[in-house]
Amino acid sequence: MEKLQRARMSKFKAKDIFRASRLSLLGISNYHVKKDRKKIKARQFLSPLLLVRDDKNGKVVIADGYHRLCAVYSFDEDALIPCKIA
């Protein structure tokens, strides 16, 4: 937690975060994704993602923001997403 709190804000493309996390994309019918899509359409800011490097397994863990990532990706896979990564 301390590393995430001290981490500087970074930006990564949505598709790169998915690739690094090895997770599958949730559909826009998911309740939480729908909620975040409404916020995007209303031009509301979303919280940054919190990411943790898992060097042992060669991937990134999305500690917070998976549904937000899916919502943003549904609009633009090349969108730059604010993140904190530790």
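Anything mentioned here points back to the structure above.
In this report, the structure presented in the accompanying data block is examined. (Residues numbered from 1 in each chain as written. Predicted model: local features only at pLDDT ≥ 70, side-chain atom pairs only at ≥ 80, totals over all residues. Heavy atoms only, no water.)

Quick notes on the packing of helix α2 (residues 14–21) against helix α4 (residues 66–75)
- Interaxial distance between α2 and α4 falls to 9 Å at its minimum, and their mutual angle equals 135 degrees. If you check the angle between α2 and α4, you find them oblique. The crossing of α2 and α4 is left-handed. Across from Ala-14, Lys-15, Ile-17 and Phe-18 in α2, the residues of α4 making contact are Tyr-66, Leu-69, Cys-70 and Tyr-73.
- Residue composition of the contact of α2 with α4, grouped by class: seven nonpolar, no polar and one charged. (Axes fitted to C-alpha atoms, helices over the stretch in contact; angles between N-to-C directions. Helix = DSSP H or I, 4+ residues; strand = E, 2+ residues; numbered from the N terminus. Parallel < 35°, antiparallel > 145°, perpendicular 65-115°, else oblique. Left-handed = near helix turned anticlockwise from the far one by under 90°. Contact = heavy atoms within 4.5 Å. Nonpolar A, V, L, I, M, F, W, Y, C, P; charged D, E, K, R; others polar.)

Some thoughts on unusual backbone geometry
- The residue Arg-22 is not glycine, and still its phi comes out positive at about 65 degrees.
- Within the secondary structure, Arg-22 is located in the loop between α2 and α3 (31–41).
- Judged by its relative accessible area of 57%, Arg-22 falls in the exposed class. (Buried < 20%, exposed > 50% of the residue type's maximum accessible area, 1.4 Å probe, protein only.)

Digging into the pattern of salt bridges
- All told, the structure shown has three salt bridges when counted by the stated rule.
- For Lys-15, the salt bridge goes to Asp-78, with nearest N and O atoms at 2.7 Å. Of this pair, Lys-15 sits in helix α2 while Asp-78 sits in the loop between α4 and β4 (80–85); the two residues are 63 residues apart in sequence, bridging distant segments of the chain.
- Judged by relative accessible area, Asp-78 falls into the partly exposed class, the value being 34%.
- One salt bridge in this structure joins Asp-16 and Arg-19, with 2.9 Å as the shortest N-O distance. Placement of the pair is Asp-16 and Arg-19 together in helix α2, with a separation of three residues, close to one helical turn.
- Looking at Arg-19, the relative accessible area reads 58%, which means it is exposed. (Salt bridge = Lys/Arg side-chain N within 4 Å of Asp/Glu carboxyl O.)

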